[in-house]
Amino acid sequence: MSEGTMQRRAQREQPERAKRLTRVLVCAAAVPVMLVAAGCSSDSGSDDGDGGKAASASASASPSPTVQAAAYRTLPEACGVLTKKTLKELAPKAKSGKEGSSDDVASRASCSWSSLDNNGVKGSQFRWLNVSLLRFESDTTRGPGDKLAEEYYDKQVREVRATPGAKSLSAQALTGTGDEATAVRYDLKKKEGTFKQQTVVARVENVVVTLDYNGAGLAGDKTPDADALMADAKKAAKEAVLSVTRANGPGAASGSPSAPASGRPSAPASGAPSASASGKS
């Protein structure tokens, strides 16, 4: 092949090589651009997805507060917690019980009986009986109902023991009457005579039962025996506690674990119905 022929062939191939080189450079430059674009698109999508999941997880990370549900959800009718036989023994001349005022009888209730056995010139025997019931509901801020009832039970016992004017006061713990019970006895002198006061405070689950019973011999009649009055008071208190249990049905004391609380107690302790011994006559 002549030198002229080779030169002409080289001249023809040079534009072809330049075109191929140009295509290679363009493709090479396009590859990283595509990768960068794809990378940006992938990062943006990932951030949005993770952010949404994190927000959702954060929103559900704080569950609603729960507390053990109170075992007892209602109270028996206050004037029906004692049998007719018991009422006949403790307040023989009482015609019927006087129900205390309450805006929620499922949370607080009370009933009292007055008995006056008038023997004319020989004097008379007076008896006064009162039963107060207070139920506490579980509360997410204050705690389980039984703990609130326990606090109120302790408060009631302290208040009874601090009765103004009480003489010869004594207190004893009782067994077999709810979860815990205390019997307090003392004398209270008034112008009508000496009143023998017996108070039994008992707690069963989230309910506190306070039973007050006093007696006096008026107009010259003899003062009743304090031991006999206390025996009657203990019997009646045990009966009242049993009425609370029966009113809530079998198995009620097991409660419902981790049940949502209502947010408010059934009744604050400060507003509980209770009879002040110093005010009885």
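Scoring rules and cut-offs
Residues numbered from 1 in each chain as written. Predicted model: local features only at pLDDT ≥ 70, side-chain atom pairs only at ≥ 80, totals over all residues. Heavy atoms only, no water. Pairing = 2+ DSSP bridges. Helix = DSSP H or I, 4+ residues; strand = E, 2+ residues; numbered from the N terminus. Buried < 20%, exposed > 50% of the residue type's maximum accessible area, 1.4 Å probe, protein only. Contact = heavy atoms within 4.5 Å. Disulfide = S-S within 2.5 Å. Expected span 1.5 Å × (residues − 1). pLDDT = per-residue confidence, 0-100. Core = buried A, V, L, I, M, F, W, Y, C linked by side-chain atoms within 4.5 Å. Axes fitted to C-alpha atoms, helices over the stretch in contact; angles between N-to-C directions. Phe/Tyr/Trp six-rings, centres within 6.5 Å; stacked < 30°, edge-to-face > 60°.

Caption draft 1: Main features of the pairing of strand β5 (residues 180-190). Sheet topology note: the strand β4 (residues 167-174)/β5 ladder contains six bridges and is antiparallel. Within the sheet, the bridge partner assigned to Leu174 lies in β5 and is Ala181. Between the antiparallel neighbours β4 and β5 lie five residues, among them Gly176 with a positive phi of about 80 degrees. In this sheet, strand β6 (residues 193-204) lies alongside β5 in antiparallel orientation, the contact comprising 11 bridges. From the neighbouring strand, Leu188 faces β6, where its bridge partner is Phe195. The turn joining β5 and β6, which pair antiparallel and follow one another in sequence, is formed by two residues.

Caption draft 2: Spotlight on the pairing of β6. Counting buried positions over the 12 residues of β6 gives 11, a clear majority of the element. Two elements, β6 and strand β7 (residues 207-218), share nine bridges in a ladder whose sense is antiparallel. The residue bridging Ala202 from the neighbouring strand is Val209, located in β7. Counting the residues that bridge the hairpin from β6 to β7 gives two residues, and of these Glu205 lies at a positive phi of roughly 55 degrees.

Caption draft 3: Looking closely at the side chain of Gln198. Within the secondary structure, Gln198 sits in strand β6. Under the relative-accessibility criterion, Gln198 is labelled buried at 1%. Contacts of Gln198, omitting those with residues within four sequence positions, involve Val184, Arg185, Leu211, Asp212, Tyr213, Ala226, Leu229, Met230 and Ala233.

Caption draft 4: View of the state of the cysteines. This model, assessed by the stated rule, comprises one disulfide. Each sulfur in the disulfide pair Cys79 and Cys111 lies 2.0 Å from the other. Residues Cys79 and Cys111 share a disulfide whose torsion about the S-S bond is about 95 degrees; that sign makes it right-handed. Of this pair, Cys79 sits in the loop between α1 (3-59) and α2 (84-90) while Cys111 sits in strand β2 (residues 108-118), placing them 32 residues apart in sequence.

Caption draft 5: Molecular detail of helix α3 (residues 145-161). For α3, with 17 residues, the first-to-last C-alpha span of 24 Å sits near the 24 Å given by 1.5 Å per residue. Those residues of α3 lying buried are Gly145, Leu148, Ala149, Tyr152, Tyr153, Gln156, Val157 and Val160. At its buried positions, α3 is contacted by β3 (124-135), β4, β5, β6 and β7.

Caption draft 6: How the structure looks around the confidence of the model for the protein chain. Of all residues in the protein chain, 67% attain a pLDDT of 70 or more, and the chain-wide mean is 80. Overall, residues 24-46 carries pLDDT values under 50, and its contacts beyond four positions in sequence, including any with other chains, amount to zero contacts. Across residues 254-281 the pLDDT falls below 50, and counting only partners more than four positions away or on other chains, this stretch makes 78 contacts in the model.

Caption draft 7: View of the nonpolar core. Residues Leu82, Trp113, Leu129, Val131, Leu133, Val209 and Leu211 are the most contacted members of the largest nonpolar core, which totals 35 residues. Looking at this core, the elements with two or more residues in it are α2, β2, β3, β5, β6, β7 and α4 (226-247). When residues of this core are assigned to their parent elements, the largest contribution, eight residues, is made by α4. Excluding anything up to four places from it in sequence, Leu211 contacts Leu129, Asn130, Val131, Gln198, Thr199, Val200, Ala233, Ala236 and Ala237. Counting 18 residues, the second-largest nonpolar core is a separate cluster that includes Trp128, Tyr153, Leu188 and Val208.

Caption draft 8: Fine view of the sheet that holds β4. Ordered by their spatial adjacency, seven strands build an open sheet running β1-β2-β3-β7-β6-β5-β4, and the pairing between neighbours is antiparallel. At either end of the open sheet lies a strand with only one pairing partner, and these are β1 (98-99) and β4. Lying on the sheet, α3 is in contact with β3, β4, β5, β6 and β7; it crosses β6 at an angle near 165 degrees. Here α4 sits on the sheet in contact with β3, β4, β5, β6 and β7, set at roughly 30 degrees to β6.

Caption draft 9: Looking closely at the packing of aromatic side chains. Counting across every chain of the model gives two aromatic pairs. Look at Phe126 and Phe195: their rings are 6.1 Å apart centre to centre, the planes differ by 75 degrees, and that puts the pair in the edge-to-face class. You can see Phe126 sitting in strand β3 and its partner Phe195 sitting in strand β6, a full 69 residues away along the chain. Ring geometry for Phe136 and Tyr152: centres 5.7 Å apart, planes at 50 degrees, overall tilted.

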